[in-house]
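Topology and contacts: notes
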Amino acid sequence: MAPNAGPAGSLDVVVRQLRWEADGVVSIDLASAAGNPLPSWAPGAHIDLVLPNGLERQYSLCGPPGERSYYRIGVRRERASRGGSEYVHAFLRPGQRISIKGPRNNFGFGPAGSYVFVAGGIGITPILPMVRAAEAQGADWQLFFGGRTSASMPFLDELGGYGKRVRCHPSDTAGRIPLAELERPVEAGAKVYACGPASLLSDLDTAAENWPAEALHLERFKAPQLAPAENKPVEVECAASKKTVSVGADESIVNALDKAGIPTVTSCRSGICGSCETKVLDGVPDHRDGILSASEQAAGDRMFICVSRACTPRLVLDL
Ligand SMILES: Cc1cc2nc3c(=O)[nH]c(=O)nc-3n(C[C@H](O)[C@H](O)[C@H](O)COP(=O)(O)OP(=O)(O)OC[C@H]3O[C@@H](n4cnc5c(N)ncnc54)[C@H](O)[C@@H]3O)c2cc1C
Ligand code: FES
């Protein structure tokens, strides 16, 4: 086992610093327990925290882009927590050891002539390193940052340093983010990167129906609410392990593969973290994740087997 390693596929880190950032939000700096540089990462990446209470939760890296001596995450305490953010707030303290997995990036930050960033509440975490990267490139950029109140919006001190490029919209005093103002920069070729509550992302999805393809890039922290769909059974052929597994209508592909002893990698099991991404060699997937864009789903060459199913009676997967 490498000196940095924790349980299978994970890395041991130590909590170096914990700081209050806003109402209900703390930032946490994690350094390698072995003192090694941490794996490299780019804006948009997240890690999985493997918590001592047995839960795994994803948190976006929000420190300086490329920083490898520590990872910074920002965690909002969820009112209806089943124990993830609750553990972080109530029990995680400086000096404590914990395991992480990743980083993984489903929200890659690509080159563009200009950028519009849209963040709601804790959705600022993956956007913050993008803002810093855009500024370092000398790019033209603008951030619209919304929240319930300014006291609930983290990292405002740092963002204040960017002057008029940052437009804050605490809804109690400044109303909602004026999404109509995105039209002009998008028409001029700007890429939009957004993360925030489901209502904001859904409004952006609607606005983007009139935008050029691939102008909008989203990161979801919660599984999207999809229209109810029929679950059909499917035969899954695992090309590498040369096994075929029957997946019933009442179980996920991942659960059927687990039962058949075929190894898979999972974390969220709700189609939002990306851990279970699998190459599709034949057949047509029925995508039910919150990660792929419409064109990526249409390509049909990869799928997230914790939630997605099949439109064809048989799928051949690279497993
Ligand atoms: C890629 C990614 C990056 C993320 N980055 C951040 C970040 O930077 N900061 C941050 O604070 N959070 C982030 N999150 C969210 C984070 O991973 C956790 O989901 C969040 O902290 C809540 O965890 P919890 O255990 O406290 O709450 P949970 O118990 O997971 O509850 C979250 C919500 O789900 C609802 N819920 C209740 N039961 C269920 C159920 N059975 N199945 C599904 N949902 C249920 C609850 O009502 C609640 O509203 C990210 C998520 C993803 C996927
Ligand atoms: S386990 Fe997270 S997307 Fe499948």
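As the structure is a computational prediction, the values presented were derived from the model and not from experiment. For every chain, the first residue of the written sequence is number 1, and numbering continues from 1 along that sequence. Throughout, the order in which chains and ligands are written sets their labels, letters from A for the former and numbers from 1 for the latter. Selection of residues for local features in this predicted model requires a pLDDT of at least 70, selection of side-chain atom pairs for listing and counting requires 80 or more, and totals for whole chains, interfaces and linings are taken over all residues. To obtain the side-chain values, all non-hydrogen atoms of the structure were included, while hydrogens and water were left out.

As a further point, take the site of ligand 1. Around ligand 1 sit 22 residues in total, of which Arg57, Gln58, Ser81, Arg82 and Ser85 are the nearest. Between an oxygen atom of ligand 1 and a side-chain N or O atom of Lys222, the distance comes to 3.4 Å. For the purposes of this entry, the term helix denotes a DSSP run of H or I that reaches at least four residues, the term strand denotes a run of E that reaches at least two, and both are numbered from the N terminus. Put simply, the parts of the chain that give the shell around ligand 1 at least two residues each are strand E4 (56-60), strand E5 (71-76) and helix H1 (84-91). A per-element tally of the shell around ligand 1 places E4 first, with 4 residues. A class-by-class count of the residues in the shell around ligand 1 yields 6 nonpolar, 9 polar and 7 charged. Each of domain 1 (11-103) and domain 2 (114-219) accounts for three or more of the residues forming the shell around ligand 1. A single heavy atom is enough: if one lies within 4 Å of a molecule or strand, its residue is considered near that molecule or strand. Any pair of nitrogen or oxygen atoms within 3.5 Å is treated as a polar contact; in protein, a donor-acceptor pairing is required on top of that, and neighbouring residues in sequence qualify only through side-chain atoms on both sides. Classification convention: Asp, Glu, Lys, Arg as charged; Ala, Val, Leu, Ile, Met, Phe, Trp, Tyr, Cys, Pro as nonpolar; all other residues, Gly among them, as polar. Either an automatic procedure or a domain database provided the assignment from which the domain bounds are taken.

The parallel open sheet is built from 5 strands, whose spatial order is E9-E8-E7-E10-E11. Of all strands in the sheet, those with a lone pairing partner are strand E9 (166-170) and strand E11 (216-219), marking the two edges. Neighbour-to-neighbour, the strand axes of this sheet turn through a mean angle of 15°, independent of strand direction. A strand pair is defined by DSSP finding two or more bridges across the two strands. Across 5 bridges, the pairing between strand E8 (residues 140-147) and E9 is parallel. Bridging from a neighbouring strand, Gly147 pairs with Pro170 of E9. Contact definition: two residues touch when any of their heavy atoms are within 4.5 Å. Axis lines are fitted to C-alpha atoms, over the contacting stretch for helices. Their N-to-C directions set the angle, which ranges from 0 to 180 degrees. Running at roughly 155° to strand E7 (residues 114-120), helix H2 (residues 124-137) makes contact with E7, E8 and strand E10 (191-195) of the sheet.

A cis amide bond, omega 5°, links Gly102 with the succeeding residue Pro103. At Glu214, a position not held by glycine, the phi torsion is positive, near 70°. By the element assignment, Glu214 lies in the loop between helix H6 (198-207) and E11. Only protein chains enter the calculation, and the probe is 1.4 Å; a residue is then buried if its accessible area is under 20% of its type maximum, exposed if over 50%, and partly exposed in between. Taking relative accessible area as the criterion, Glu214 reaches 41% and is therefore assigned partly exposed. One non-glycine residue with positive phi stands out, namely Arg269, at about 55°.

For E5, a buried count of 5 out of 6 residues is recorded, marking the element as mostly surrounded by other parts of the structure. In this sheet, E5 lies alongside strand E2 (residues 25-32) in antiparallel orientation, the contact comprising 6 bridges. When the bridges of E5 are listed, Ser27 appears paired with Gly74.

Further remarks concern the sheet that holds E2. Ordered in space as E4-E3-E6-E1-E2-E5, the 6 strands form an open sheet in which the pairing is antiparallel. What marks the edges here is a single partner per strand, and that holds for E4 and E5. Averaged over all pairs of adjacent strands, the angle between strand axes in this sheet comes to 40°, irrespective of strand direction. Judged from the 8 bridges that link them, strand E1 (residues 11-22) and E2 form a sheet pairing that is antiparallel. In the sheet register, Gln17 faces E2, and the bridge partner there is Asp29.

Before going further, it helps to examine the domain arrangement of the protein. Here the domain parsing of the protein yields domain 1 (11-103), domain 2 (114-219) and domain 3 (234-317). Each of domain 1 and domain 2 was reduced to a C-alpha centroid, and the two centroids are 23 Å apart. Here the quantity called buried area is the accessible surface, traced with a 1.4 Å probe, that two parts lose on coming together, added over both. With both sides pooled, the region where domain 1 packs onto domain 2 buries about 1,300 Å², and carbon together with sulfur makes up 61% of that total. Each salt bridge in this description consists of a side-chain nitrogen of Lys or Arg and a carboxyl oxygen of Asp or Glu lying within 4 Å of one another. At the boundary of domain 1 with domain 2, the tally comes to 0 salt bridges. Where domain 1 touches domain 2, the interface holds 4 residue pairs in polar contact (both at pLDDT 80 or more). Elements with a contribution of two residues or more to the side of domain 1 that touches domain 2: E1, E2 and E5.

Within the span of H1, buried status applies to Gly84, Ser85, Tyr87, Val88 and His89. As for H1, its buried residues are in contact with E2, strand E3 (46-50), E4 and E5.

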